[in-house]
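Results of the structural survey
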Amino acid sequence: MGTYVYDFAHGNKDEKDLLGGKGANLAEMTNLGLPVPPGFTITTEACRAYLAEGHEPDGLADEITEHLKSLEEAMGRSLGAPGDPLLVSVRSGAAASMPGMMETVLNVGLNDESVQGLASISDNPRFAHDSYRRLLHMFGGTVLGIEGELFRDALDDLKKDRGTTADTDLGVEDLQELVETYKAIIEKEAGRPFPQEPREQLDLAVRAVFDSWNTDRAVLYRRQEQIPEDLGTAVNIQAMVFGNFGADSGSGVCFTRDPASGDQGVYGDYLQNAQGEDVVAGIRNTVSLADMAEIDKASHDELLAIMSTLEHHYKDMCDIEFTVERGKLWMLQTRVGKRTPEAAFRIAVHMADEGLIDMDEALRRVNGEQLANLMFPRFDEKAERTLLAKGMNASPGAAVGKAVFDWATAVEWAERGEDVILVRKETTPDDLHGMMVARGVLTSRGGKTSHAAVVARGMGRTCVCGAEALDVDARQGTFVVRGGPTVHEGDVISIDGSTGEVFLGAVPVTPSSVVRHFEGEQVDEPLVGAVVRLMEHADAARRMKVRTNADTADDAARARRFGAQGIGLCRTEHMFLGDRRQLVENLIVADDEAGQEAALAELLPLQREDFTRIFEAMDGLPVTIRLIDPPLHEFLPDLTELSVKLAIADSRGQRKKRDRKLLAAVQRLHEQNPMLGLRGVRLGIAIPHLFTMQARAILEAAAARLKAGGRAEPEIMIPLVASVRELDIVRVRIQDIATAVQEEQGIEIPHLIGTMIELPRAALTAGRIAGSADFFSFGTNDLTQMTWGFSRDDVEASFFSTYLEQGIFPVSPFESLDTEGVGALVRTASEAGREVNDTLKLGVCGEHGGDPASIHFFESVGLDYVSCSPFRVPVARLEAGRSALG
């Protein structure tokens, strides 16, 4: 049996795995000598043991008793004692920040007797009964599982009956009445009275925090943020300090920099005569820290000094919770603050300029997903729009969707393809499902530190909070704009998370300033300046090159503007669609080799022109061109449609000779599993002139580019190779074409011939294949399908959600590479290939080439480049730089 409980004085910020983030940071602040109410932490090990065994581990209760006794001695009071009670908070605190996802219970130790003692000792009966009703609400919802709306509705009904909208207007008798109402709710809904024994309250609250690790919302959040399931949460038990004593007390949350924009300076919310959950929940609208200076200058100035101390100590933006009790400042929590993508880039550069960190660390502080978020469109400032209200710009972005007023509707509508905006008075952790599927979140209460704001920022979701002009009625599915219209469920609204504006109807969007910069436009904005500096540092740091997947000259040109260093995948089958489909049909229905050659002769100049334009766009950069990969039947009409068409023609006595030949071809080429049939290299061997026509078109286009004074670096890629003999057969044919074209054109054409590694057999026999290849390009999309035995088009819609829910994989293997299985094949093939051919060029051209986590894996394997869609090129550049830093 290990030690399960530690005093705040024993620990530091680096022990998050054991003490959780909150406990580790409380220990750190205690060791810094900051004013932290005393307490102790129950470790994550205790939680894991509890969850594994279904009960508290042996010895935990005794350790809690021992540390509680020390806390009581330090405070000179006993838990829940009748005369002068010690009250404690019980808070969760996982190693990874999960704001609002797990449970907190304040004022533990109050009961019918000790509330009288608290009223007497504080000389403030209102404060005492206000604290008691808060305990009943939190204990009922958190520990006993009672629907929180029942308590909120009872409070709203009482305020309405008293003719007020502010809970601070309720008097002592009102709060005593509310306490009795809450106790009745608990007895009715839980089937037992509220426990009057203080230690029982404490023990039940600790178990509730442990249990909250596995609530639906916590599991969902961990899946969203890819937090491991087996970490468990710590529990922090801390002496209560009270912000609801009166006008000389209050609670707040602050940031050492603006978490939305990254602007330098202090930002935060303060609420007089309130406990911390009032600030986070957005139940009442807060005032700024500047306003706090007018209310309590001494506490304000001390807070600013502590904020500076913490930022310089952590060398990062800090998120801080504090309480003022009768003019005395107390620090309740600090952590490295969640921030928007814009803030992340700007803060990283600011801190490097200030000397707090170096540029390597600044680069580590941002990531590719944040950059991708910054590339999303923004509202068009020139478009006509109808302003409804303005709130806090809590999380940036431009979101358009239909207004919905509860999370269940948001999920239902999103699943049928609707874009939605979740509208609430204030969000609670139960709204997480709806926040995840919504385009944006709008609340009428709360500020930049409210639950909605913090969670939205962490998820990269657009959010506007505290739009006070909106009267939100979730039951009726409406919100009424003060002095304006009523918006009903299903009406389209637009929210601007950068300005806090709310508009009626759909507002057109415009490209982001970051994209405009990448497109070559001169953009003078602080954000763009920060992105440029970090991208330059990433480019200087990275080892891997970044190419693009592009099938047209326009895509290639755009990718080059975005920083692509070549094309890693040009799919030639896309060049056979549209008007050219007829020519492919001619090839397929040809009666003999002469007919096939005639059809190919018509395709040759068209293909050559395609490649010529791509070589122009990528002048001087390598271009990997994959020969035709899909089965030929994909270029033919649908079997059923063609059969119906011919049946109708027969009934009318019409002769459709070509259609009959097409039907015969469709029937001949039909396969039960086309993905594993006649495609890729197999097609090139079965119809050799098809691959040689494409090779000739590529090489003639390269020759034309070279003769025009440009540069061309074609890399001809043969798909779906499983055997070195397949590669050898096709390679000889392509080399023969290359020799012929060079003789015809009178010019040497530098070129490479390689293969796509997309079959497990190819990966496992890569040592043999490498002897005949100039390069390997890992086609991780098909390699994932072949390794898992998945048909992507089928499985994603059928059972992937179940697999994700049950933790069979933490994220779709098509989104982020399965490093244990598919990744092992990539590593095996790379090592075996390089052992045989030390000049073998290695790259990846699947969608994983633009995935941040996958890029870090490819760096560890030693690939030469990754290739991704044009829009993801900047993301890949950034992540390649970050991965090189280790």
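Our subject is the structure that appears above.
Quick look at the structure, then.

Parameters at a glance
Residues numbered from 1 in each chain as written. Predicted model: local features only at pLDDT ≥ 70, side-chain atom pairs only at ≥ 80, totals over all residues. Heavy atoms only, no water. Helix = DSSP H or I, 4+ residues; strand = E, 2+ residues; numbered from the N terminus. Buried < 20%, exposed > 50% of the residue type's maximum accessible area, 1.4 Å probe, protein only. Contact = heavy atoms within 4.5 Å. Areas by Shrake-Rupley, 256 points an atom, 1.4 Å probe, with all protein chains shown as cover. Lys, Arg positive; Asp, Glu negative; His and termini not counted. Charge placed at Lys NZ, Arg CZ, Asp CG, Glu CD. Axes fitted to C-alpha atoms, helices over the stretch in contact; angles between N-to-C directions. Parallel < 35°, antiparallel > 145°, perpendicular 65-115°, else oblique. Nonpolar A, V, L, I, M, F, W, Y, C, P; charged D, E, K, R; others polar. Pairing = 2+ DSSP bridges. Salt bridge = Lys/Arg side-chain N within 4 Å of Asp/Glu carboxyl O. Core = buried A, V, L, I, M, F, W, Y, C linked by side-chain atoms within 4.5 Å. Phe/Tyr/Trp six-rings, centres within 6.5 Å; stacked < 30°, edge-to-face > 60°. Expected span 1.5 Å × (residues − 1). Arc of directions from axis to C-beta. Polar contact = N/O pair within 3.5 Å; in protein donor to acceptor, adjacent residues only side chain to side chain.

1. Side note on the overall build of the chain
Along its length, the chain carries 36 helices and 31 strands. Expressed along its principal axes, the backbone C-alpha trace of the chain runs to roughly 105 × 65 × 55 Å. Counting only residues that meet the buried cut, the chain has 56% of its 886 residues in that class. Contacts in the chain between residues far apart in sequence, at least 24 positions, make up 69% of those at least 6 positions apart. A total accessible area of about 35000 Å² is found for the chain, and carbon and sulfur atoms account for 47% of it. Taking the average place of the 91 positive charges on the side chains of the chain and the average place of its 138 negative ones, the gap between the two points comes to 6 Å.

2. Some remarks on the packing of helix α2 (residues 44–53) against helix α8 (residues 198–212)
Running from amino to carboxyl end, α2 crosses α8 at an angle of 80°, the nearest separation of the two axes being 10 Å. The angle between the axes of α2 and α8 places the two elements in the roughly perpendicular class. Residues Ala-46, Cys-47, Tyr-50 and Leu-51 of α2 lie in contact with α8, whose contacting residues are Arg-207, Phe-210 and Asp-211. In terms of residue class, the contact of α2 with α8 is made up of 5 nonpolar, no polar and 2 charged.

3. Digging into the sheet that holds strand β21 (residues 492–496)
Judged by pairing direction, the sheet is mixed, and its 8 strands sit side by side in the order β12-β22-β21-β14-β15-β16-β17-β13 without closing on themselves. The open sheet has two free edges, formed respectively by β12 (386–390) and β13 (392–395), since each of these has just one partner strand. With direction set aside, neighbouring strand axes in the sheet form an average angle of 30°. Bridge analysis of β13 against strand β17 (residues 462–465) gives 3 bridges, and the strand direction is antiparallel. Residue Ser-395 lies in a different strand from β17, and its bridge partner there is Cys-463.

4. A word on the pattern of salt bridges
All chains considered together, the criterion is met by 57 salt bridges. Across the pair Asp-539 and Arg-877 runs a salt bridge whose closest N-O atoms are separated by 2.6 Å. In this pair, Asp-539 sits in helix α20 (residues 526–541) while Arg-877 sits in helix α36 (residues 873–885), placing the two residues 338 residues apart along the sequence. Connected via shared salt-bridge partners are Asp-316, Arg-339, Glu-361, Arg-364 and Arg-365.

5. A look at the nonpolar core
In this structure, Phe-345, Val-531, Phe-615, Leu-690, Ile-718 and Phe-776 are the most contacted members of the largest nonpolar core, which totals 129 residues. In terms of residue count, helix α27 (residues 688–707) provides more of this core than any other element does, 10 residues in total. Apart from residues no more than four positions distant in its own chain, Phe-776 is found in contact with Thr-755, Ile-757, Ala-766, Ile-769, Ala-770, Ala-829, Gly-833, Leu-840, Lys-841, Leu-842 and Gly-843. One finds Val-108, Leu-175, Leu-178 and Ile-237 within the second-largest nonpolar core, a separate group that totals 58 residues.

6. A look at the sheet that holds strand β9 (residues 318–325)
Taken together, the 5 strands give an open sheet; going across it, the order is β8-β7-β6-β9-β10, and neighbouring strands pair in antiparallel fashion. The sheet is open, and its two edges are formed by β8 (287–288) and β10 (328–336), each paired on a single side. Relative to β8, strand β7 (residues 264–272) is paired through 2 bridges, and the arrangement is antiparallel. The residue of β8 that forms the bridge with Tyr-270 is Val-287. Packing of helix α12 (residues 297–314) onto the sheet brings it into contact with β6 (250–257), β7, β9 and β10, and relative to β10 it is tilted by some 25°.

7. Some thoughts on the packing of aromatic side chains
According to the stated counting rule, one finds 21 aromatic pairs in the structure shown. Seen from their ring centres, Tyr-50 and Phe-210 are 5.1 Å apart, and the 40° between their planes marks the pair as tilted. With Tyr-50 in helix α2 and Phe-210 in helix α8, this residue pair connects regions lying 160 residues apart in the sequence. A residue is classified by how much of its surface remains accessible, and Tyr-50, at 10% relative accessible area, is buried. You can call Phe-210 buried: its relative accessible area is 0%. Between the aromatic rings of Phe-151 and Tyr-182, the centroid separation amounts to 5.0 Å while the plane-to-plane angle is 85°, which identifies the pairing as edge-to-face.

8. Examining the packing of helix α5 (residues 125–143) against helix α6 (residues 148–161)
Orientation of α5 relative to α6, taken along the N-to-C sense of each, is 155°, at an axis distance of 8 Å. When the interaxial angle is binned, α5 and α6 end up roughly antiparallel. The residues of α6 that touch α5, namely those facing Arg-133, Leu-136, His-137, Gly-140 and Gly-141, are Gly-148, Phe-151, Arg-152 and Leu-155. Taken together, the residues of the contact of α5 with α6 break down into 3 nonpolar, 4 polar and 2 charged.

9. Structural notes on α12
A rise of 1.5 Å per residue sets the reference length of α12, with its 18 residues, at 26 Å; its end C-alpha atoms lie 26 Å apart and thus fit the reference within 8%. The set of residues buried in α12 consists of Ser-299, His-300, Leu-303, Ile-306, Met-307, Leu-310, Glu-311 and Tyr-314. All buried residues of α12 fall inside an arc of 135° around its axis, so they share one side. More than 90 degrees from the buried face of α12, the exposed residues found are Lys-297 and Ala-298. Following α12 by one or two positions, Lys-315 adopts a phi angle in the positive range, close to 55°.

10. Description of the side chain of His-350
Summarising the element assignment, His-350 is placed in helix α13 (residues 341–353). Beyond its immediate sequence surroundings of up to four residues, His-350 is in contact with Arg-257, Gly-262 and Gln-264.

11. Re helix α21 (residues 553–561)
Listing the buried residues of α21 in full gives Ala-553, Ala-556 and Ala-559. For α21, the angular spread of the buried residues around the axis is 125°, confining them to a single face. Tucked into the core, α21 has its buried residues touching β24 (545–549), β25 (567–571), α23 (593–617) and α36. Two residues or fewer past α21, Gly-563 is found with a positive phi of approximately 105°.

12. Things to note about the pairing of strand β14 (residues 398–404)
Of the strand pairs in this sheet, β14 and β21 are connected by 5 bridges, and their pairing is antiparallel. Each bridged residue has a counterpart across the sheet, and for Ala-399 the counterpart in β21 is Ile-495. The pairing of β14 with strand β15 (residues 420–424) spans 3 bridges and is classified as parallel. Bridge assignment links Ala-403 to a residue of β15, and that residue is Ile-421.

13. What about the environment of Trp-407?
Looking at the element boundaries, Trp-407 is found in helix α16 (residues 407–415). Remark: the alpha-carbon pair of Trp-407 and Val-423, spanning 16 residues in sequence, is separated by 9.2 Å. Residues in contact with Trp-407, not counting those within four places in the same chain, are Leu-422, Asp-430, Asp-431, His-433 and Gly-434.

14. So, the environment of Gln-565
Inspection of the secondary structure assignment puts Gln-565 in the loop between α21 and β25. Residue classification places Gln-565 among the partly exposed residues on the basis of a relative accessible area of 23%. Ignoring any residue separated from it by four or fewer positions in sequence, one finds Gln-565 in contact with Arg-542, Lys-545, Val-546, Arg-547, Leu-621 and Pro-622. Here the side chain of Gln-565 touches Arg-542 through a polar contact of 2.8 Å, side chain to side chain.

15. Description of the side chain of Asp-851
As for its position among the elements, Asp-851 is in the loop between β30 (841–844) and α35 (852–861). Look at Asp-851: it is buried, it has no salt bridge, and the nearest opposite charge is Arg-872 at 5.4 Å. A polar atom in the side chain of Asp-851 sits 2.5 Å from the side chain of Ser-854. Once you skip the residues sitting within four places of it in the chain, Asp-851 turns out to touch Glu-815, Ser-816, Leu-817 and Arg-872.

16. Examining unusual backbone geometry
At Asn-273, a residue that is not glycine, the phi angle is positive and equals roughly 50°. In this structure, Asn-273 sits in the loop between β7 and α10 (276–281). Of note in the backbone geometry, Leu-720 takes a positive phi value of approximately 65° without being a glycine. Within the secondary structure, Leu-720 is located in the loop between β27 (713–718) and α28 (724–745). Overall, Leu-720 belongs to the buried group, its relative accessible area being 0%.

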